[in-house]
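Structure at a glance
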Amino acid sequence: SNKTLFVVSLLVPTILGIVLNSMSPDLQTRATLVLTPMMYIPFVVLFVYAWADGHLDHTDVNVLLDAPKVASIPWSVFIATCVWCSGGCDRCGNVAGEIIGGRRTYILGLTIALVLGVINYVLPVLMCYLVEPHYKNWGTGFFARVGDHVSAGMGQMMIVTTMFACVVQYTAAIFPLARLLWAAAVVPDPERQVLPRFIGFSYRVGPGGSVLIPMGGTLLASLACFALAFSSYELLVESFCVVRIFNLFLQYGALIALRITEPNTPRPFAIPGGLWAIGAMLTPFLAVVVLMLATASTLSLLIGFGLQPLFVVV
């Protein structure tokens, strides 16, 4: 049944993610390198199969001009999805401390990462667009439905591909989160401990036990993700975006305050033009934030803002 298939499609990435995160980081990296091509090969196969079978004969580029009415666009979901998908760009900044070679090397690496990120999103969507170009036929489960449009076997292949993609993304996301949960449970100072001690269950692998595996944090994060997957997509992305907006307000507000109180502090990067330029850059983003919050569901706003005290405590 559809419910059974849904649960299985959640269990498989969850279990594989737990297994991968129970290994050393080197083994995780190698496993990810093996899984990554499996995410893209089916889209190429889909395109070739559809082209050979004549499914591309009626592809019309003009369909792209058939856009929905502005008033009918669910802006909160659209904006939240864009924020969700661009979250990896923030992670590119995390490699700044690991770069050897100075500013030029970091900017080059960041540029390459952004280009690869764009390809990562464009390639699958482009291949599926060529098979089913009209946006009215897109939606949840789009890749699988495009595969079914070609053949039953291609539809099943797209489901498997989606599961592999979930495993890769899930593994990368759980890796740092599990360590944060572990650290919150094993902190020596009882006043700063925010999670029970059993969450800090861990073991070591590698030569001389050099690599820590926070198994308690991995299991907790995995169970939380599994439970959240039963919520609607709209509720998840909107709530996430509300949390993200509040987080960025604190982050950017602190940076601007530092720019005002300590204008002469040396910085590796500085926005030219001073506070006026900063204000000009932030104004469009503030407009998008207002639009998102104004069109989001009440439940998403309650969840997003309701989680803030938890993050402040952590």
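Here we summarise the structure given alongside this text. Here the structure is a predicted model, which is why all the values come from computation and not from measurement.

1. Some details on the overall build of the protein
Tallying secondary structure elements over the protein gives 12 helices and 2 strands in all. Each helix (α) and strand (β) of the protein, taken in turn from the N terminus, gives the series α-α-α-α-α-α-α-β-β-α-α-α-α-α. Burial statistics for the protein: of 314 residues in total, 25% are counted as buried. A separation of at least 24 residues holds for 66% of the contacts in the protein among residues at least 6 apart in sequence. Carbon and sulfur atoms form 72% of the exposed surface of the protein, whose accessible area is close to 19800 Å².

2. Quick look at the packing of helix 3 (residues 75-85) against helix 10 (residues 274-295)
Two numbers describe how helix 3 lies on helix 10: the axes approach to 8 Å, and their chain directions differ by 125 degrees. With respect to helix 10, the element helix 3 is oriented oblique. The element helix 3 and its partner helix 10 pack so that their crossing is left-handed. Within the contact between the two elements, helix 3 uses Trp75, Ser76, Ile79 and Ala80 and helix 10 uses Val288, Leu291, Met292 and Thr295. Of the residues that constitute the contact of helix 3 with helix 10, the class distribution is 6 nonpolar, 2 polar and no charged.

3. Digging into a nonpolar patch on the surface
Nonpolar side chains collect at one region of the surface, where Leu108, Ile112, Val115, Leu116 and Ile119 lie side by side and expose about 460 Å² of accessible area between them. Along the polypeptide, Val115 turns up in helix 5 (residues 102-131). A residue is classified by how much of its surface remains accessible, and Val115, at 45% relative accessible area, is partly exposed.

4. Here we look at the packing of aromatic side chains
Inspection of every chain in the model, using the stated rule, returns 3 aromatic pairs. Judged by centre distance (5.9 Å) and plane angle (85 degrees), the rings of Trp75 and Phe78 are edge-to-face. Taken together, the residues span about one helical turn, with Trp75 and Phe78 both in helix 3 at a distance of 3 residues. With centroids separated by 5.3 Å and ring planes inclined at 75 degrees, the aromatic side chains of Phe226 and Phe230 adopt a geometry described as edge-to-face.

5. What about the nonpolar core?
In this structure, Phe43, Leu46, Ala50, Met127, Cys128, Val131, Phe142, Val146, Val150, Met154 and Met158 together form the largest nonpolar core, which totals 11 residues. The set of elements that each furnish at least two residues to this core consists of helix 2 (25-52), helix 5, helix 6 (142-150) and helix 7 (152-186). Residue contacts for Met154: discarding those within four places in its chain leaves Pro42, Val45, Leu46, Tyr49 and Gly147.

6. Quick look at helix 3
Because each turn of an α-helix spans 3.6 residues, side chains separated by three or four positions end up pointing in the same direction. Taken as a whole, helix 3 has its buried residues at Ser76, Val77, Ile79, Ala80 and Thr81. Where helix 3 is buried, its residues meet helix 9 (233-261) and helix 10.

7. Re helix 7
For helix 7, with 35 residues, the first-to-last C-alpha span of 50 Å sits near the 51 Å given by 1.5 Å per residue. For helix 7, the principal kink sits at Ile174 and spans about 30 degrees; a proline, Pro176, occurs within the next four residues.

8. Observations concerning the side chain of Ser222
Locating Ser222 in the fold gives a position in helix 8 (residues 215-228). Not counting residues up to four positions away in its chain, the partners in contact with Ser222 are Thr14, Ile18, Tyr170 and Ile174.

9. Quick look at the environment of Leu177
Inspection of the secondary structure assignment puts Leu177 in helix 7. When the C-alpha positions of Leu177 and Ala221 are compared, they lie 7.2 Å apart, and in sequence the two are 44 residues distant.

Rules behind the numbers
Residues numbered from 1 in each chain as written. Predicted model: local features only at pLDDT ≥ 70, side-chain atom pairs only at ≥ 80, totals over all residues. Heavy atoms only, no water. Helix = DSSP H or I, 4+ residues; strand = E, 2+ residues; numbered from the N terminus. Buried < 20%, exposed > 50% of the residue type's maximum accessible area, 1.4 Å probe, protein only. Contact = heavy atoms within 4.5 Å. Areas by Shrake-Rupley, 256 points an atom, 1.4 Å probe, with all protein chains shown as cover. Axes fitted to C-alpha atoms, helices over the stretch in contact; angles between N-to-C directions. Parallel < 35°, antiparallel > 145°, perpendicular 65-115°, else oblique. Left-handed = near helix turned anticlockwise from the far one by under 90°. Nonpolar A, V, L, I, M, F, W, Y, C, P; charged D, E, K, R; others polar. Patch = residues over 30% accessible without salt bridge, like charges linked within 9 Å, V, L, I, M, F, W, Y side chains within 5 Å. Salt bridge = Lys/Arg side-chain N within 4 Å of Asp/Glu carboxyl O. Phe/Tyr/Trp six-rings, centres within 6.5 Å; stacked < 30°, edge-to-face > 60°. Core = buried A, V, L, I, M, F, W, Y, C linked by side-chain atoms within 4.5 Å. Expected span 1.5 Å × (residues − 1). Bend = angle between axes of the 7 residues up to and from the residue.

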